Amino acid sequence: MLRAHERIAKEMADPALVRLHRKLERLSCVITVMNTGAHPDDEANGMFAALRFGYGMRIAIACSTRGEGGQNAIGPERGAALGIVRTFEMDAAARVLDADVIWLGHGPDDPVHDFGFSKNGDDTLTRWGEDRIIERLVRAYREERPDVVIPTFLDVPGQHGHHRAMTRAAHIAVDRAADPSAYPHHFAEGLTPWHVAKFYLPAWSGGGGTYDDEVPPPNTTLLVKAPGVDRATGTPFARIGEWSRAQHLTQGMGIWRENPPQSWPLHRLDQQVEENDMRDGLPATVGALAKSENVSSEAGAHLVAAQKAIDEAINAFPHRLRIIDAALLAADQIEKALAVSSAPVRASVGHRLERKLREIDAVILEATGVQARAWVEPSVIAPGGTGTLHVAISSLEQHASATPVLSPKIAVSAQEDAARFVLNVAGDAPFTNGYPPFYRTLGGNGEVAVAIRAEIGGRRVESVIDLEEPLRIAPAHSLVLDPEAVIINLSETPRPFAVKARLDGGKTSAVTFSARPGWEIANQSDGALIAPPETLAPGYHELAPTVDDRPAYRSMAIAYPHIGRTARVDREVLKILALEVKRCPDTRIGYVGGGNDRVGLWLSRLGFDVTDLDGDALQGGLSRFTTIVVGIFAFGNRPDLAAATARLHQFVEAGGHLVTLYHRPSDGWDPARTPPRPITIGSPSLRWRVTDPDAPVTILGATHPLLTGPNIIGTDDWNGWDKERGLYFASSWDEAYKPLTAMSDHGEKPLEGALISGEIGRGRHTHVSLVLHHQLDKLVPGAFRLLANLVQPA
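Anyway, here's the lowdown on the structure attached to this text. (Residues numbered from 1 in each chain as written. Predicted model: local features only at pLDDT ≥ 70, side-chain atom pairs only at ≥ 80, totals over all residues. Heavy atoms only, no water.)

Brief notes about the overall build of the protein
Inference 1: Regarding its fold elements, the protein presents 20 helices and 40 strands.
Inference 2: Here the C-alpha atoms of the protein give a radius of gyration of 29 Å, agreeing with the 28 Å that 2.2 N^0.38 yields for 794 residues.
Inference 3: Dimensions of the protein, computed from the C-alpha atoms along their principal axes, are close to 90 × 65 × 55 Å.
Inference 4: Out of the 794 residues belonging to the protein, those deemed buried represent 57%.
Inference 5: Look at the contacts in the protein between residues 6 or more apart in sequence, and 74% of them connect residues 24 or more apart.
Inference 6: Split by element, the accessible area of the protein, about 32600 Å² in all, is 51% carbon and sulfur. (Helix = DSSP H or I, 4+ residues; strand = E, 2+ residues; numbered from the N terminus. Rg over C-alpha atoms; globule rule 2.2 N^0.38 Å. Buried < 20%, exposed > 50% of the residue type's maximum accessible area, 1.4 Å probe, protein only. Contact = heavy atoms within 4.5 Å. Areas by Shrake-Rupley, 256 points an atom, 1.4 Å probe, with all protein chains shown as cover.)

A few points about the sheet that holds strand 15 (residues 448-456)
Strand pairing in a sheet takes place through backbone hydrogen bonds and is either antiparallel or parallel in direction.
Inference 1: On the basis of which strands lie adjacent, the open sheet formed by three strands has the order 11-15-16 and antiparallel pairing. Edge positions in the sheet fall to strand 11 (400-406) and strand 16 (459-466), since each has one partner strand and no second. Neighbouring strand axes in the sheet, compared pairwise and without regard to direction, differ in orientation by 25 degrees on average.
Inference 2: Across the sheet, helix 12 (residues 343-368) lies against strand 15 and strand 16, angled at about 90 degrees from strand 16, the strand it touches most. (Pairing = 2+ DSSP bridges. Axes fitted to C-alpha atoms, helices over the stretch in contact; angles between N-to-C directions.)

A word on empty space enclosed by the protein
Inference 1: Within the structure shown, the criterion is met by one cavity of 30 Å³ or more.
Inference 2: Of the voids in this model, the largest cavity is the one considered here, and its volume is about 40 Å³.
Inference 3: Taken together, T36, G37, A38, D42, P151, T152, F153, H163, M166 and T167 make up the lining of the largest cavity.
Inference 4: Secondary structure elements with two or more residues in the lining of the largest cavity: strand 1 (32-37) and helix 7 (161-178).
Inference 5: Among the elements that make up the lining of the largest cavity, the one with the highest residue count is helix 7 (three residues).
Inference 6: Considering only residue class, the lining of the largest cavity consists of four nonpolar, five polar and one charged. (1 Å grid on protein atoms, 1.4 Å probe; cavity = no way out; pocket = protein on both sides within 12 Å on 5 of 7 lines; lining within 4 Å. Points joined across faces, edges and corners; volume = space filled by probe spheres on them. Nonpolar A, V, L, I, M, F, W, Y, C, P; charged D, E, K, R; others polar.)

Here it is in structure tokens:
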């Protein structure tokens, strides 16, 4: 349930007149434009703001992945949890644009997922399954029926492989969507072939700080021009686009545009013709549908009359009574047109008119002053549990009723009054999917929604609203193991270790670990004391706890102001990595985290003496440390760290070892001033990364102390890496530094900037662009051995 201040902020951001204007805008056009992209944040938000708010077009965004392979600039979530955050960010960005979202990939366990940066569209299509992604796009075309499809990126060398794959698949899917022999199982589900009228490519380059398109963009055949500024807010459309992009906070999106663009160039691929307007040749309005094939004169007359009434409703703004009268007339004429139309006509244009009726109902309710909010208390319910759905309806003159719209495993067991419904969640209900398949602007999202109905002017109108905060079906318990992962150093005698088990929510259930051969487990009231076998094999091991003899789950809370509250639910298991790793004695580490990695934690679990350094500590005595490790992005996220740069340089000169993990050029990294000696981070990043986690690694400094002691780093230490080798490699560096490795993706020139180190004064600075933090989280043995070497005293 939203807190009071959250409700206040929500109300302040949603003034009634803007809300009414937005709903009226929808009535002006019957065209649907679909954007196709590979990740949340791939949208051309400014252009789509102009198409939606300036021209009234419906916007649908088809996105192939949840972005789980990306980075997180605001918090610790990565992988599956980051995919949930970015799904919610995409939905929030879509709300700003009043756009629908259709997800083609369903999270990290689906073949169509974000497996990390790719430089190759062919490789991406192979990993996703080319026919799989095309079939899902064809389904999206047949379900959403877009008139226009616009990918965000070009399929050209130098562009992200995911982007290239989506653009290629989107184009192929256009022909297949219209082909009655393609994917016939769709037709058994009620879908029909659909012809996309226009397919555009962006006529702008995708190059920049990340990508590097190797060929120029195609010529412009259509210039989408902003029709002035947004009438409802007076804001340039490109700035509204940035309101939308700013929801992608994990990716650092959202900029202020002092002189925002007023046009966007497109290239029509299906026909090499120049156009003045995207609407050319398309039935753009309800009235224009009267000229559609086989529409009778009677139906056409009703559609023309409906258009006249729509125009009157829009022009009547902000006079509510006039809007209501005109909207009622428009709805009546559309229904009459449908009633006298033949089945083929209803099949060809009915979807446009039926959506328009839903949009008109929303206008009528808004103009009448009917406002509703709904929430479930509690907002998280376990299978077999109950909750109460509350509906608050405010209306000065009009009576309105509420009817719950429920997912299959939820039922109303009692209605306490017109505004309160007791909900029962079935005992076999699945947990709420953190990767929902769609977001709909007209409501009906989530496990529970509410249909608001009223009789107005002789018409029964209905509009569906979503809950203020989505209901989640989640486990009755959340078990937290501390630690959740244990490192057993086989170079030392294995010793018993304690694991604390905490059930969140004040639960008192029994938590136990089942014994495995060779393991000794003493279950205790607050966890377990575990003794590993004397001859434990190197590698990964798991111990699975139970709660009341049932599988244990952990709900990892996710909460940010721009997306609200949710959680990542997963099976809780104790992860154990057994490996041989040596540590330099008397190593004392100061760790400066940026909130985006857990390197300090892993160093502690390796047995090192680690101190987290806050702003005061950075300004204090640093000489007590042999090594200071700076986490990823920290110079950009920690002003106190940037202020201590000179002190870090002095620490190195005096004999300390400074280890900096990878930074983007935009992360407060000044090539001349941030490192002790100049280091430039390569840009665009596509040219300065190795995306193949199995790419061969050539050791350049075979006798270098960081690679020979206390652990000898060999070929095995580079095996089993996940996602990629590294990114944001150094492209140039001062002669004080020496590159220690060389690596590259297949067919590319070797890069030497992944790991560089230099003696400076009496100390050392080592810059690491390898994705060590990710490998540590994935419990890759070689990453721990390499890290133990990298933090040795200078």
